[in-house]
There are 2 protein chains.
Amino acid sequence: MASKEKSSSGELQLIESIRARAMGQRSAALRLGIGDDCAVVRPPAGHDLLVTTDFSLEGRHFRRDWHSATSAGHRCLARGLSDLAAMGAKPLAAFLSLGLPAGMTRKAAGRQWVDGFMDGLLAPTAETGTPLAGGDTATAPGEAVLADIVLLGSAPRGTELRRRGARAGDGIYVTGALGGAAAELAMLAESSRRFRSAKPDKAPNGTHPHLFPQPRLATGWRLRGAKIASAAIDVSDGLSTDLAHLCRESGVGAVVDSSALPLHSLLVALPADEALRLALHGGEDYELLFTARPSTRVPRRIAGVSVTRIGTVSTGSSIMLRDRDGRETPLQPGGWEHDL
Amino acid sequence: MASKEKSSSGELQLIESIRARAMGQRSAALRLGIGDDCAVVRPPAGHDLLVTTDFSLEGRHFRRDWHSATSAGHRCLARGLSDLAAMGAKPLAAFLSLGLPAGMTRKAAGRQWVDGFMDGLLAPTAETGTPLAGGDTATAPGEAVLADIVLLGSAPRGTELRRRGARAGDGIYVTGALGGAAAELAMLAESSRRFRSAKPDKAPNGTHPHLFPQPRLATGWRLRGAKIASAAIDVSDGLSTDLAHLCRESGVGAVVDSSALPLHSLLVALPADEALRLALHGGEDYELLFTARPSTRVPRRIAGVSVTRIGTVSTGSSIMLRDRDGRETPLQPGGWEHDL
């Protein structure tokens, strides 16, 4: 967390406050944390290092009037953790670059927001033993809060799960339930039109799939370690888009059974076609989508998370959706846009 | 480089263009680059991993009317490389998060700027064998270009240079020359008031210390490997500020000889007190500031870069500037603000 620009006293206080909070976080892998030109990380012996970076930009990935500060912080970290989960890696360390609009930390409400954001970001780092090891701070050039999160993880050499690896005949599986994040986002948009959202601060049991997604780290670690998955990706852009990524990288096609899709409980009240649309195209569920060989026994629950077979890998490159009557239609990626 | 939001066709083209350019970059350490949920990096056997992240935000760290696109890209990467140099590490891989204002890639001038930025960023990655291994892209919430660069490097276990380690009696040394970056920045500011800057695109021989700084990677690697330095930091915030960082972490004071400071040739035409001020407080020189035991023989050139002794580490915590008559006055950190 080398500061590269002259900082106002507010910024210096912010850096010191983040540094003080992160100092309590230690791990065997982190040899040197915040306070030098670089952090020093020692991956476990025989492990490769996995790296992912994700922007969380106000107005693009969160809104201060829809998301509580803790939700924004939680979601910032969750995006990176889910990328590690998808490759079967364990998190080692996180790095946060945080840009705040000029003057934000001079106002009590601004400082409170930053505190809440750090609460939300640091809670999962503590739960998963992932120390905040560094980053950068700067005054943002506009009025939007800018965050970029880097997650480092590790997995035993050469064992990481990739998008490539699926073969025709493999089963297609998904963890948890689909469409919940999109449904909750739609509810947030609706409620913000009618009144200021309550902006829940906590998610006791994963009942807020958009505000407090739960990355499937333990499940991903087991999918890799027990050699269950032949290919994997996280469902961050929506099932249809992420399945297309996996199929393209693997050089295969797929048939998905619409009636097999595990719908999130938030979709129950919706018309069937709308529920199906959110489950297929709704983004940010942060579930794992994976394939497994026909000979592999796939448990119905892995690390406490339900696993559902939703289809089969096929030859060729077309991705088809099969309805309950057996009719197949092409499953186009995307089709759903979230607009904050 | 997992894309987490629905992208416009312009953004998709941008990602594909960056991906295509980065694909040509390979290294033994990079097992898997852009195109999956994470990159996979394998540090050399017996090495620790070093990590640094740095924002490059338009209006804070560069201006499109002062800096050419290639300069902005070069500087973005140079900041991270210099952090690695300061700890004696070799670069392994770079990750770029890039946020562009809405519509920028739909205009020819915008696409040209992004191409130039990537030219500037990728040239040093090619020179140093540091593949661009991933990152993120997003639409920026405002009108400013947002970049965050992550550099991964490595050094043999437990040998990295730190800010801590200086002892009373150690000599204080600096590489290259000081104040050049601040002087060139002042010239840019002046010329932009008079006419549109020529915005030089190339720096054939390090004659543009602000626009095209040259991180001291080979020198840092040797300072560590040959056990020359007892502590080190890069001069990014200015000598006075970075020396204060090093002294605080080492629990020591210092005496700096003002007449010993290696002034950059761009300072020659300035009044002596102004030249001294820029050499002491001017930021972004990206030279290395290090200490060495009295018994250590420090070469005058290391890896082709001049090395100058500028003072001596002292007991206590005060940092003093000694003039040519032997009078000592406290050397306060900072005192110079660059304001883009």
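Rules of the game
Residues numbered from 1 in each chain as written. Chains lettered and ligands numbered in written order. Predicted model: local features only at pLDDT ≥ 70, side-chain atom pairs only at ≥ 80, totals over all residues. Helix = DSSP H or I, 4+ residues; strand = E, 2+ residues; numbered from the N terminus. Buried ≥ 20, exposed ≤ 12 C-beta atoms within 10 Å, placed from the backbone. Contact = placed C-beta atoms within 7 Å. Core = buried A, V, L, I, M, F, W, Y, C linked by C-beta atoms within 7 Å. Pairing = 2+ DSSP bridges. Axes fitted to C-alpha atoms, helices over the stretch in contact; angles between N-to-C directions. Domains from an automatic or database assignment. Nonpolar A, V, L, I, M, F, W, Y, C, P; charged D, E, K, R; others polar. Expected span 1.5 Å × (residues − 1). Parallel < 35°, antiparallel > 145°, perpendicular 65-115°, else oblique. Left-handed = near helix turned anticlockwise from the far one by under 90°. Least-squares fit on C-alpha atoms with pLDDT ≥ 70 in both.

(A) Main features of the overall build of chain A. Within chain A one finds seven helices and 14 strands. Taking all 340 residues of chain A together, the buried fraction comes to 56%. A separation of at least 24 residues holds for 85% of the contacts in chain A among residues at least 6 apart in sequence.

(B) Spotlight on the nonpolar core. Core analysis: the largest hydrophobic core is formed by 207 residues, its most contacted members being Val41 and Ala232 of chain A together with Val41 of chain B. If we ignore the near neighbours within four places in the chain, the residues touching Ala232 of chain A are Ala86, Met87, Leu161, Leu223, Leu288, Leu289 and Phe290 of chain A.

(C) Here's a closer look at the sheet that holds strand β4 (residues 90–101) of chain A. Here we have six strands laid out as an open sheet, ordered β5(A)-β4(A)-β6(A)-β3(A)-β2(B)-β1(B), and mixed in their pairing. If you trace the sheet from one side to the other, it starts and ends with β5 (132–140) of chain A together with β1 (30–32) of chain B, each paired once. The mean angle between the axes of side-by-side strands here comes to 25°, regardless of whether they run parallel or antiparallel. With nine bridges joining them, β4 of chain A and strand β6 (residues 146–156) of chain A adopt antiparallel strand pairing.

(D) Looking closely at the sheet that holds strand β1 (residues 30–32) of chain A. Pairing within the open sheet is mixed, and its six strands lie in the order β1(A)-β2(A)-β3(B)-β6(B)-β4(B)-β5(B). Among the strands making up the open sheet, the edge pair consists of β1 of chain A together with β5 (132–140) of chain B. For this sheet, the mean inter-axis angle between neighbouring strands, taken without regard to orientation, is 25°. Here strand β2 (residues 39–41) of chain A pairs with strand β3 (residues 47–57) of chain B via three bridges, running antiparallel. Looking across to β3 of chain B, one finds that Val40 of chain A is bridged to Leu50 of chain B. Contacting β3, β4 (90–101) and β6 (146–156) of chain B, helix α2 (residues 69–86) of chain B runs over the sheet at an angle of about 30° to β6 of chain B. Sheet strands touched by helix α3 (residues 108–128) of chain B: β4 and β5 of chain B. Its angle to β4 of chain B, the strand with the most contacts, is close to 175°.

(E) Geometry of the environment of Glu160 of chain A. Counting through the fold element by element, Glu160 of chain A comes out in the loop between β6 and β7 (171–175). Owing to 26 C-beta atoms within 10 Å, Glu160 of chain A belongs among the buried residues under this scheme. When residues no more than four places from it in sequence are discounted, the contact partners of Glu160 of chain A are Asp48, Leu50, Met87, Gly88, Ala89, Ala155 and Arg224 of chain A together with Val40 of chain B.

(F) Representation of the environment of Ala123 of chain B. Following the sequence through the fold, Ala123 of chain B ends up in helix α3. Here the alpha-carbon distance between Ala123 of chain B and Thr241 of chain B, two residues 118 residues apart in the chain, equals 30 Å.

(G) Highlighting the domain arrangement of chain A. Residues and elements named next belong to chain A. Taken as a whole, chain A is organised into domain 1 (9–156) and domain 2 (171–330). Taken residue by residue, the interface counts 20 residues in domain 1 and 24 residues in domain 2. The element best represented in the side of domain 1 that touches domain 2 is helix α2 (residues 69–86), accounting for eleven residues. When the residues that make up the side of domain 1 that touches domain 2 are grouped by side-chain class, the tally is eight nonpolar, eight polar and four charged.

(H) Quick peek at helix α6 (residues 239–250) of chain A. All names here are of chain A. Compared with an ideal rise of 1.5 Å per residue, which puts twelve residues at 16 Å, α6 spans 16 Å between its outermost C-alpha atoms and is within 8% of the ideal. Burial runs high along α6: nine of the twelve residues are buried. Within α6, the full set of buried residues consists of Leu239, Ser240, Thr241, Asp242, Leu243, Ala244, Leu246, Cys247 and Ser250. The inward-facing, buried residues of α6 abut β8 (231–235), β9 (253–257), α7 (272–281), β10 (287–292) and β13 (319–322). Backbone geometry just after α6 places Gly251 at a positive phi near 70°.

(I) The packing of α2 of chain A against helix α3 (residues 108–128) of chain A, seen in detail. All names here are of chain A. For the pair α2 and α3, the least separation of the axes is 6 Å and the interaxial angle reads 40°. The angle between α2 and α3 places the two elements in the oblique class. Helix-helix and strand crossings are classified by hand; for α2 and α3 the assignment is right-handed. Contact with α2, carried on its side by Ala69, Thr70, Ser71, Ala72, Gly73, His74, Cys76, Leu77, Ala78 and Leu81, involves Trp113, Gly116, Phe117, Met118, Asp119, Gly120, Leu121, Ala123, Pro124, Thr125 and Thr128 of α3 and no other residues of that element. Residues belonging to the contact of α2 with α3 are distributed by class as follows: twelve nonpolar, eight polar and one charged.

(J) The interface of chain A and chain B, seen in detail. Taken together, the contact pairs 58 residues of chain A with 58 residues of chain B. At the level of secondary structure, the elements contributing two or more residues to the side of chain A that touches chain B comprise β2, β3 (47–57), α2, β4, β5, β6 and β8 of chain A. Top contributing element to the side of chain A that touches chain B by residue count: β3 of chain A, with nine residues. Looking at the side of chain A that touches chain B, its residues break down into 25 nonpolar, twelve polar and 21 charged.

(K) Structural view of the relation of the copies chain A and chain B. Expressed as a screw transformation, the operator carrying chain A onto chain B has a rotation angle of 180° and an axial translation of 0.0 Å, and the superposed copies differ by an RMSD of 0.0 Å. The relationship between the two copies is best expressed as a two-fold rotation axis. Minimal C-alpha distance to the rotation axis in chain A is attained by Gly142 of chain A, lying at 3.2 Å. Taken together, the interface assignments show that 100% of the residues at the interface of chain A recur at the interface of chain B, consistent with an identical surface on both copies.

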